[in-house]
Amino acid sequence: MEKQMVKITSCNVTQCAYNKHNSCHTLAITVGGPGDACPECDTFMQGSQKGGIMDVQGGIGACKVENCSYNQSLECTASAVDVGMHESHPDCFTYKPK
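Residues numbered from 1 in each chain as written. Predicted model: local features only at pLDDT ≥ 70, side-chain atom pairs only at ≥ 80, totals over all residues. Heavy atoms only, no water.

J.: Could you clarify how one ought to interpret the UniProt feature "domain: DUF1540" (unreviewed entry) in the chain in this entry?
T.: In the numbering adopted here, UniProt assigns the feature "domain: DUF1540" (unreviewed entry) to residues 10-44 and 63-94. End C-alpha to end C-alpha, residues 10-44 measures 14 Å, and it is 0% helix and 29% strand. For residues 63-94, the end-to-end C-alpha separation is 12 Å, with 0% helix and 47% strand making up the annotated structure. (UniProt positions renumbered as here; feature names shortened; annotations may be inferred. Helix = DSSP H or I, 4+ residues; strand = E, 2+ residues; numbered from the N terminus.)

Rendered as structure tokens:
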């Protein structure tokens, strides 16, 4: 069985190097870690250099947030994901605790 990567449908973290027009354009992001207080986008990168590929819609490569109900074997099972700013860092807004 082939699993399709869950896509990021929106990202309002406009200061990220991979964000163009409120969309994520990297192949995949990693979300959080077991000890993180929030489901942070670990791929977030700020700086003058821009990255990503314009015709690529970003996806979830790995989810390390143990207490998310969409996390199964470190893979995201949500139908789609939204990413946005929470305080001073980007979070997965689709996160749902178990």
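J.: Help me out: how do you make sense of the environment of Asp42 in this one?
T.: Within the secondary structure layout, Asp42 lies in the loop between strand S4 (28-31) and strand S5 (59-63). Overall, the relative accessible area of 39% leaves Asp42 in the partly exposed class. Put simply, Asp42 and Cys63 are 21 residues apart on the chain and 9.8 Å apart in space, counted from C-alpha to C-alpha. With near-sequence residues (within four places) excluded, Asp42 lies in contact with Thr30, Val31, Gly32, Asp36 and Lys64. (Buried < 20%, exposed > 50% of the residue type's maximum accessible area, 1.4 Å probe, protein only. Contact = heavy atoms within 4.5 Å.)

J.: Hey, could you run me through the pairing of strand S8 (residues 81-86) in this one?
T.: Pairing geometry for strand S1 (residues 8-11) and S8, over three bridges, is parallel. What sits directly across from Ser10, in S8, is Asp82. Relative to strand S9 (residues 89-92), S8 is paired through four bridges, and the arrangement is antiparallel. Residue Met85 lies in a different strand from S9, and its bridge partner there is Pro90. Hairpin connection, S8 to S9: the antiparallel pair is bridged by two residues, and Glu87 has positive phi, about 55 degrees. (Pairing = 2+ DSSP bridges.)

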